[in-house]
Amino acid sequence: MKRFGNLYKQICDIENLRRAHNNAKKGKGWYKEVQEVDENLDYYLCKLQEMLINHTYHTSEYQKFIKKESGKEREIYKLPYFPDRICQWAILQVIEPYLMRNMTNFTYSAIPKRGIHAALKDVRSAMGDDVLNCQFCLKFDIRHYYPSINHAIMKEKFRRVFKDEELLWLLGEIIDSIATAQIEDMRDIWYLDEDIDPETGIPIGNYLSQYCGNFYLSSFDHWLKEKLHVKHCFHYMDDYTIFASSKEELRYIFRESRSYLHVELRLKIKDNWQIFPTYVRGVDFVGYRMFLGYTLLRKTTCKSMKKALTKIRKKTQNGQLMNHSEWSAINSYKGVLLHCDSWKLQEKYILPIQADADRYYYEIIKKGNVQNG
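A brief structural summary. (Residues numbered from 1 in each chain as written. Predicted model: local features only at pLDDT ≥ 70, side-chain atom pairs only at ≥ 80, totals over all residues. Heavy atoms only, no water.)

## Structural notes on the overall build of the protein chain
Here comes step 1: Looking only at helices and strands, the protein chain features 17 helices and ten strands.
Here comes step 2: For 373 residues, the compact-globule estimate of 2.2 N^0.38 gives 21 Å, and the protein chain sits close to it at 23 Å.
Here comes step 3: The dimensions of the protein chain, computed from C-alpha atoms along their principal axes, are 60 × 60 × 40 Å.
Here comes step 4: Of all 373 residues assigned to the protein chain, the portion counted as buried reaches 48%.
Here comes step 5: Here the protein chain displays about 19,400 Å² of accessible surface, and carbon together with sulfur accounts for 49% of that area.
Here comes step 6: Computing the positive centroid from 57 side-chain charges and the negative centroid from 48, the protein chain places the two 7 Å apart. (Helix = DSSP H or I, 4+ residues; strand = E, 2+ residues; numbered from the N terminus. Rg over C-alpha atoms; globule rule 2.2 N^0.38 Å. Buried < 20%, exposed > 50% of the residue type's maximum accessible area, 1.4 Å probe, protein only. Areas by Shrake-Rupley, 256 points an atom, 1.4 Å probe, with all protein chains shown as cover. Lys, Arg positive; Asp, Glu negative; His and termini not counted. Charge placed at Lys NZ, Arg CZ, Asp CG, Glu CD.)

Shown next as structure tokens:
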């Protein structure tokens, strides 16, 4: 495999750092820390450049907060805007093309043009165009994926792609940045009952972590295609959906996959893996449930949507004006519903509040008097 070098200078280049700042601040221009950097931009960018050139850059202390998602609590690690978020953008602007070369075209999540809707489109295409080879579905995901990523393996994977020692130093510094105390916090949050290697785990919330998560599994993805010759495989981060013409074939793929992940990547598959008839049960993936010829919204998402929109409807029926968060939620759910068969849901939950949403837009947003809430 060809290895790439002379990339660190590109990362340190002041124009690359300037572009990193512009990308990192998108949607965050009102943050106080972003405004402070903007007010004295050349000073901060030159300071970061000096840190990188002199190898004095060290990842800052993480801020931690709990995020509830699909009934789970996850501890998210957030870094300061300066120097860390700018630095990680500067790295990825240079190395992203090389990481992308190692990822298969069925890898989704945190990749440009390969988000939820791209995954949804590709799964539906496979189910519709190749019914014979999609008769059965294997679904599994990896147990405690981010806390289980091994630092030494992750670094070795980067070393197989890059020969730039300064770049490898910087990547290693960020990979190792989660301290033993934070690993203990991760054990509590993820309900781990075994000992955690302090050289294991990368922080959820790091911008670079999203790419590390996909890159770490890239060898497994290639192995599925090139060694097992899996025809239809899709994965959104650590959630895998694989199709085949028989249960026997999928059982074989599962056994081999479990062995590969354990031996090569030190990962374990969750115990809730399933093999089932595709077109009878439907495939639950990236927030939707897909059948032959039609797609439904995932049940848990549907319940959350009904609850949120009903609450907004009752508020507006009492003569109150919705706030910006509620207006944004309505538009977000409208976007979600565009990608599934949802006329009845739209008729019952969107249409009754659409006029109030339009009123909020014209009376508040267009006048520049946005409410928070």
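## Section: the side chain of Thr-278
Here comes step 1: Structurally, the position occupied by Thr-278 is in helix H14 (residues 278-281).
Here comes step 2: For Thr-278, the residues in contact, after removing those within four places along its chain, are Met-127, Cys-134, Gln-135, Phe-136, Cys-137, Phe-243 and Val-283. (Contact = heavy atoms within 4.5 Å.)

## Brief notes about unusual backbone geometry
Here comes step 1: Omega for the bond connecting Phe-82 with Pro-83 falls within 30 degrees of zero, at 0 degrees, which places this linkage in the cis form.
Here comes step 2: Relative to the helices and strands, Pro-83 is located in helix H5 (residues 81-100).
Here comes step 3: Although it is not a glycine, Lys-113 sits at a positive phi angle of roughly 65 degrees.
Here comes step 4: Looking at where Lys-113 falls in the secondary structure, it is placed in the loop between strand S3 (107-108) and helix H6 (116-129).
Here comes step 5: Judged by its relative accessible area of 84%, Lys-113 is exposed.
Here comes step 6: You will see that Val-286, though not glycine, has its phi angle at about 45 degrees, which is positive.

## What to know about the pairing of strand S4 (residues 136-141)
Here comes step 1: Most of S4 sits inside the fold, with five of its six residues counted as buried.
Here comes step 2: Of the pairings in the sheet, the one linking S4 to strand S6 (residues 239-244) comprises six bridges and is antiparallel in character. For Asp-141, the partnering residue across the bridge sits in S6 and is Asp-239.
Here comes step 3: Relative to strand S7 (residues 274-277), S4 runs antiparallel, the two sharing four bridges. Considered in S7, the bridge of Phe-136 is made with Pro-277. (Pairing = 2+ DSSP bridges.)

## Observations regarding the packing of aromatic side chains
Here comes step 1: Applying the stated criterion across every chain yields a total of 22 aromatic pairs.
Here comes step 2: Look at Trp-327 and Tyr-361: their rings are 6.2 Å apart centre to centre, the planes differ by 15 degrees, and that puts the pair in the stacked class. Placement of Trp-327 in helix H16 (residues 324-337) and of Tyr-361 in helix H17 (residues 343-365) is noted, with a sequence separation of 34 residues between them.
Here comes step 3: With relative accessibility at 18%, the residue Trp-327 sits in the buried group.
Here comes step 4: Judged by its relative accessible area of 32%, Tyr-361 falls in the partly exposed class. (Phe/Tyr/Trp six-rings, centres within 6.5 Å; stacked < 30°, edge-to-face > 60°.)

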